[in-house]
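Residue strings, one per chain:
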Amino acid sequence: GDLDKVVNLLLSLSGRLARVETALGSLGPHAPAADKLALREKQRLLVAQLEDAKELKEHVGRREEAVGAMVARYLPAEHLQDYQHFVKMKSALIAEQRELEEKIKLGQEQLRCLRESL
């Protein structure tokens, strides 16, 4: 459960950071300095939060290894491989699901913009 939360946190923060960086890149040279400053501050905070989340993921990874070692003592080799595969695939599937959700959201936003432009 913690792994799910940490992976979702990492994906959420990196997505938010990407949007802020895109917004910063799209600001023209005549954009108000206050807007640039606000976006840069948000970017700085998101980078710090992302670093904290990476440390948290490392901690969860170490705990996962400890749990895996404990589980290895009680499960036969075949079941242990199933367990390890499950844990590995769960993170990958969470990331893929989040990526698909972001693509859907982007597509819906683009569709809305197209409809408004008509």
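Look up: the structure comes first, before these words.
Residues numbered from 1 in each chain as written. Predicted model: local features only at pLDDT ≥ 70, side-chain atom pairs only at ≥ 80, totals over all residues. Heavy atoms only, no water.

S.K.: Would you explain the overall build of the chain in this entry?
M.R.: For the chain, the helix and strand inventory stands at three helices and zero strands. Reading the chain from its N terminus to its C terminus gives the helix and strand order α-α-α. Rg of the C-alpha trace for the chain: 20 Å, well past the compact-globule value of 13 Å for 118 residues, more than 25% over. Taking the principal axes of its C-alpha atoms as reference, the chain extends roughly 65 × 35 × 15 Å. Taking all 118 residues of the chain together, the buried fraction comes to 18%. Sequence separation of at least 24 residues holds for 64% of the intrachain contacts in the chain that already meet a minimum separation of 6. For the chain, the exposed surface amounts to about 9,100 Å²; the carbon and sulfur share of it is 59%. Where the 19 positive side-chain charges of the chain centre and where its 19 negative ones centre are 4 Å apart. (Helix = DSSP H or I, 4+ residues; strand = E, 2+ residues; numbered from the N terminus. Rg over C-alpha atoms; globule rule 2.2 N^0.38 Å. Buried < 20%, exposed > 50% of the residue type's maximum accessible area, 1.4 Å probe, protein only. Contact = heavy atoms within 4.5 Å. Areas by Shrake-Rupley, 256 points an atom, 1.4 Å probe, with all protein chains shown as cover. Lys, Arg positive; Asp, Glu negative; His and termini not counted. Charge placed at Lys NZ, Arg CZ, Asp CG, Glu CD.)

S.K.: Can you help me understand the pattern of salt bridges in this one?
M.R.: It is possible for side chains of opposite charge to pair when their charged atoms get near one another. A full pass over the atoms with the stated rule returns five salt bridges. Here Glu41 makes a salt bridge to Arg44, at a shortest N to O gap of 2.5 Å. Of this pair, Glu41 and Arg44 are both found in helix H2 (residues 33-74), three residues apart, which corresponds to roughly one turn of the helix. We note a salt bridge from Lys103 to Glu99, for which the minimum N-O separation is 3.4 Å. You can see Lys103 and its partner Glu99 sitting in helix H3 (residues 77-117), four residues apart, about one turn around the helix. Residue classification places Lys103 among the exposed residues on the basis of a relative accessible area of 52%. Residue Glu99 is classed as partly exposed on the basis of its relative accessible area of 45%. (Salt bridge = Lys/Arg side-chain N within 4 Å of Asp/Glu carboxyl O.)

Interpretation note: all reported values are geometric properties and have no functional meaning in isolation.
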